[in-house]
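Coordinate analysis (summary)
So you can see what is in the structure, the chains are spelled out below.
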Amino acid sequence: MLGGCGAWPAAGQACSGYLVAHEGFRLLVDPGYATLPRLLERTGAELVDAVLISHGHADHCADLHPLLRARRFRDDPPSALPVFALAGALDPVLALDRPGLLENAYALRDLTPGESLAIGPFEIRTWALPHSVPNVGVRLRASGTSLAYTGDTGPSPNLLPLASGADVFLAEASYPERVPADSERTLSSAVDAGETAARAGVGRLVLTHLLPGTDPDVATAAARRAFDGDVSIAQPGLAIDLTG
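We now turn to the structure provided with this report. Because the structure is predicted, anything quoted here is derived from the model rather than measured.

**Description of the layout of surface pockets**
- Considered as a void within the structure, the largest pocket measures approximately 540 Å³ in volume.
- If you list the elements that add at least two residues to the lining of the largest pocket, you get strand S1 (18–22), strand S8 (135–142), strand S9 (145–149) and strand S10 (168–172).
- Here the lining of the largest pocket gets 5 residues from one element, more than from any other, and that element is S1.
- Approximately 200 Å³ is the volume attributed to the second largest pocket.
- Around the second largest pocket, the lining is made up of 16 residues, and of these Leu 159, Ser 188, Asp 192, Ala 193 and Thr 196 lie nearest the centre.

The structure is reproduced here in structure tokens:
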């Protein structure tokens, strides 16, 4: 995990950002604020093989821009980076530089909710999930193991097939107990994540997108009221080995 803060990065933290690796292939999921420095502690910018982005909020995609710059301004720039996202979601980020400067640094592929696709060794399925902007939940599978990720989401019947039987369920949990009324259709709580994890029979629950100032122990305890399996918090340095 590169980070797991929602909205903005707290001191010493980073927003949503997850590096998923298998058979030497590095897939970067949701490079939000402050994730690039954490990524560069683990691998070179030129060694990222593809990027997958759930939705266009900056706390999930802003650091795509410096990642592309880190690749573009090398003496030996790598080939264009495949970037998978919903149509139009990345227009603001990709417009941060003068026109044409980064056009050879990436190859944009539009995602369509409900489609299945392959990215490197990963088989990927997608579901539309409700948020304040279009958002897609993704399930990654490789060598018999699976990771399900919600992006940001409110309640949805699509959460159950997304998470069903996943080895790891990476679930947005902006609030520990209750989502405020003005966001209850677009965000989730740790209680919500725990209930979905229990119903879906996942192996491990990882709570992410906690808003800065949220007590992680309170969020963990809230999720455990519904889910009796392993619960952890997404934060820089957390590593999960699905091969063992």
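Next comes the rest of the account.
**Observations concerning the pairing of S1**
- Where burial is concerned, the two faces of S1 differ: the one with Tyr 18, Val 20 and His 22 is buried and the one with Leu 19 and Ala 21 is not.
- When S1 meets strand S2 (residues 25–29), the two strands line up antiparallel, connected through 5 bridges. If you follow Leu 19 over to S2, its bridge partner there is Leu 28.

**Some thoughts on helix H7 (residues 216–224)**
- Along H7, the residues classified as buried are Ala 219, Thr 220, Ala 222 and Ala 223. In a view along the axis of H7, the buried residues occupy a sector of 160°, so they form one face of it.
- Buried residues belonging to H7 abut helix H6 (190–200), strand S11 (204–208) and strand S12 (230–233).
- For H7, the side-chain oxygen to backbone nitrogen distance between the N-cap and Asp 217 is 2.8 Å, and the N-cap itself is Asp 215.

**Thoughts on the sheet that holds S8**
- Taken in spatial order, the 7 strands make up an open sheet running S6-S7-S8-S9-S10-S11-S12, and their pairing is mixed. Strands with a single pairing partner mark the edges of an open sheet, and in this sheet they are strand S6 (116–119) and S12. Each adjacent strand pair in this sheet contributes to an overall mean axis angle of 20°, direction not counted.
- Bridge analysis of strand S7 (residues 122–129) against S8 gives 7 bridges, and the strand direction is antiparallel. Looking at the pairing, Leu 129 lines up with Asn 135 of S8.
- Here H7 sits on the sheet and contacts S11 and S12; the angle it forms with S12, its principal contact strand, is near 155°.

**Some points on the sheet that holds S1**
- The strand order S1-S2-S3-S4-S5 describes an open sheet built from 5 strands, whose pairing is mixed. Because the sheet does not close on itself, it has two edges, and the strands there are S1 and strand S5 (106–111). Averaged over all pairs of adjacent strands, the angle between their axes in this sheet comes to 25°, without regard to strand direction.
- Where S2 meets strand S3 (residues 50–52), 3 bridges bridge the pair, whose relative direction is parallel. Paired with Leu 27 across the two strands is Ala 50, which belongs to S3.
- With respect to the sheet, helix H3 (residues 64–72) is in contact with S2, S3, strand S4 (81–86) and S5, its orientation differing from that of S4 by roughly 165°.

**Comments concerning the nonpolar core**
- Within the largest apolar cluster, 27 residues are counted, with the highest numbers of intra-cluster contacts made by Leu 27, Leu 52, Ile 119, Phe 122, Ile 124, Leu 140 and Leu 170.
- With 4 residues, S8 is the largest single contributor of residues to this core.
- Once residues within four sequence positions are removed from consideration, Leu 27 is found in contact with Tyr 18, Leu 19, Val 20, Ala 50, Val 51, Leu 52, Ile 119, Phe 122, Ile 124 and Leu 140.
- In terms of nonpolar packing, the next biggest core, distinct from the first, is built from 25 residues, Ala 190, Ala 200, Ala 219 and Ile 233 among them.

Parameters at a glance
- Residues numbered from 1 in each chain as written.
- Predicted model: local features only at pLDDT ≥ 70, side-chain atom pairs only at ≥ 80, totals over all residues.
- Heavy atoms only, no water.
- 1 Å grid on protein atoms, 1.4 Å probe; cavity = no way out; pocket = protein on both sides within 12 Å on 5 of 7 lines; lining within 4 Å.
- Points joined across faces, edges and corners; volume = space filled by probe spheres on them.
- Helix = DSSP H or I, 4+ residues; strand = E, 2+ residues; numbered from the N terminus.
- Buried < 20%, exposed > 50% of the residue type's maximum accessible area, 1.4 Å probe, protein only.
- Pairing = 2+ DSSP bridges.
- Arc of directions from axis to C-beta.
- Contact = heavy atoms within 4.5 Å.
- Polar contact = N/O pair within 3.5 Å; in protein donor to acceptor, adjacent residues only side chain to side chain.
- Axes fitted to C-alpha atoms, helices over the stretch in contact; angles between N-to-C directions.
- Core = buried A, V, L, I, M, F, W, Y, C linked by side-chain atoms within 4.5 Å.

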